[in-house]
Amino acid sequence: MTSLSLTLLRRAVLPLALFGSAHAATLDLKVGQTGQLGDATVTLLRTQDSRCPMNARCIQAGDLITSVLVREGSRVRLLRLKLSDTTAHSAGLHISGATATMAGQRLPVTVTFSDGD
């Protein structure tokens, strides 16, 4: 293969490779908020945040657990998702992040949901 053929091949394949590695869609919600994530309407109903605050010393790291209502067409599901839980991926929705807490502050947590890895 000539260098011109390789160059043309790279130009044809590179966009396909980039397209295949598209990022998952994300949605940021606070308790009581609803948003659209792909074909699903997601409502964050409740959070249980026992994570160790950023400026504190803790014996245990803690968890962030959410209750989420997911509507897709006529199908409605109530999910309980955990921040570090990888088993929830089968539901097509998981928590990909959340705002950090500071000791002594009681600010609403913003949870980032994702529909992919």
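So, the sheet that holds strand S6 (residues 94-98)
Okay, step 1: Across the sheet, three strands lie side by side as S1-S7-S6; this open sheet has antiparallel pairing. At either end of the open sheet lies a strand with only one pairing partner, and these are strand S1 (26-29) and S6. Averaged over all adjacent pairs, the angle separating strand axes in this sheet is 30°, with direction ignored.
Okay, step 2: Where S1 meets strand S7 (residues 111-114), four bridges bridge the pair, whose relative direction is antiparallel. Note on S7: the bridge partner recorded for Thr26 is Ser114.

As for the environment of Leu27
Okay, step 1: Within the secondary structure, Leu27 sits in strand S1.
Okay, step 2: Distance in space between the C-alpha atoms of Leu27 and Asp115 is 8.9 Å, their sequence separation being 88 residues.
Okay, step 3: Discounting chain neighbours no more than four positions away, the residues touching Leu27 are Gly35, Gln36, Leu37, Val42, Val111, Thr112 and Phe113.

Topic: the pattern of salt bridges
Okay, step 1: According to the stated counting rule, one finds three salt bridges in the structure shown.
Okay, step 2: Residue Arg51 is joined to Asp49 by a salt bridge in which the shortest nitrogen-to-oxygen separation is 2.8 Å.
Okay, step 3: With a relative accessible area of 17%, Arg51 lands in the buried category.
Okay, step 4: The salt bridge partner of Lys82 is Asp63, with a shortest N-O separation of 3.7 Å. Of this pair, Lys82 sits in strand S5 (residues 75-82) while Asp63 sits in the loop between strand S3 (40-49) and strand S4 (64-72), and the two are 19 residues apart along the sequence.
Okay, step 5: Of the residues examined, Lys82 reaches a relative accessible area of 31% and is grouped as partly exposed.

Reading the values: the criteria
- Residues numbered from 1 in each chain as written.
- Predicted model: local features only at pLDDT ≥ 70, side-chain atom pairs only at ≥ 80, totals over all residues.
- Heavy atoms only, no water.
- Pairing = 2+ DSSP bridges.
- Helix = DSSP H or I, 4+ residues; strand = E, 2+ residues; numbered from the N terminus.
- Axes fitted to C-alpha atoms, helices over the stretch in contact; angles between N-to-C directions.
- Contact = heavy atoms within 4.5 Å.
- Salt bridge = Lys/Arg side-chain N within 4 Å of Asp/Glu carboxyl O.
- Buried < 20%, exposed > 50% of the residue type's maximum accessible area, 1.4 Å probe, protein only.

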